[in-house]
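Observations on chain architecture
Residue-level listing of the chains:
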Amino acid sequence: MDQPNVLLVVLDSVRAKNVGHLGYPRDTTPRLDEFAERATTYVNARSPGIHSISSHVSLFTIRL
């Protein structure tokens, strides 16, 4: 089986309520909106920490 092709986009300090493809009426994120048309978007994500560094580190940990 081939390895999956995954691109993880992390936007630190960007609020979901200000992103076009999530319903914001102004054209604030045109390139992201275009990419989102072809990508999987998770609209109910949660962070394990309140600070950026702990949240980013958790992206690269595996729970066995």
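Quick note: structure is the one above.
Residues numbered from 1 in each chain as written. Predicted model: local features only at pLDDT ≥ 70, side-chain atom pairs only at ≥ 80, totals over all residues. Heavy atoms only, no water.

Looking at the overall build of the protein
Quick reminder of the rule: Strands are runs of DSSP state E lasting at least 2 residues, helices are runs of H or I lasting at least 4, and numbering of each runs from the N terminus. Within these notes, the globule rule equals 2.2 Å times the number of residues to the 0.38 power, and the radius of gyration is based on C-alpha atoms. The cut-offs for exposure are 20% and 50% of the maximum accessible area for each residue type, with area from a 1.4 Å probe on protein chains only; residues under the lower value are buried, those over the upper are exposed, and the others partly exposed. Any two residues having at least one pair of non-hydrogen atoms within 4.5 Å are treated as being in contact.
Regarding its fold elements, the protein presents two helices and zero strands. Rg of the C-alpha trace for the protein: 14 Å, well past the compact-globule value of 11 Å for 64 residues, more than 25% over. Viewed in the frame of its principal axes, the protein has a C-alpha envelope of about 40 × 35 × 15 Å. Counting over 64 residues, the protein shows a buried share of 9%. A fraction of 23% describes how many contacts in the protein between residues 6 or more apart in sequence connect residues 24 or more apart.

Thoughts on a nonpolar patch on the surface
Threshold: Patches draw on residues past 30% relative accessible area with no salt bridge. Two like charges within 9 Å are joined, as are two nonpolar side chains (Val, Leu, Ile, Met, Phe, Trp, Tyr) within 5 Å. A 1.4 Å probe and the Shrake-Rupley method give the accessible areas. Residues count as covered only by the protein chains that appear here. Definition used for salt bridges: Asp or Glu carboxyl oxygen within 4 Å of a side-chain nitrogen of Lys or Arg.
Nonpolar side chains collect at one region of the surface, where Leu7, Val9, Leu11, Val14 and Phe35 lie side by side and expose about 430 Å² of accessible area between them. Its place among the elements puts Val9 in the segment before α1 (30-36).

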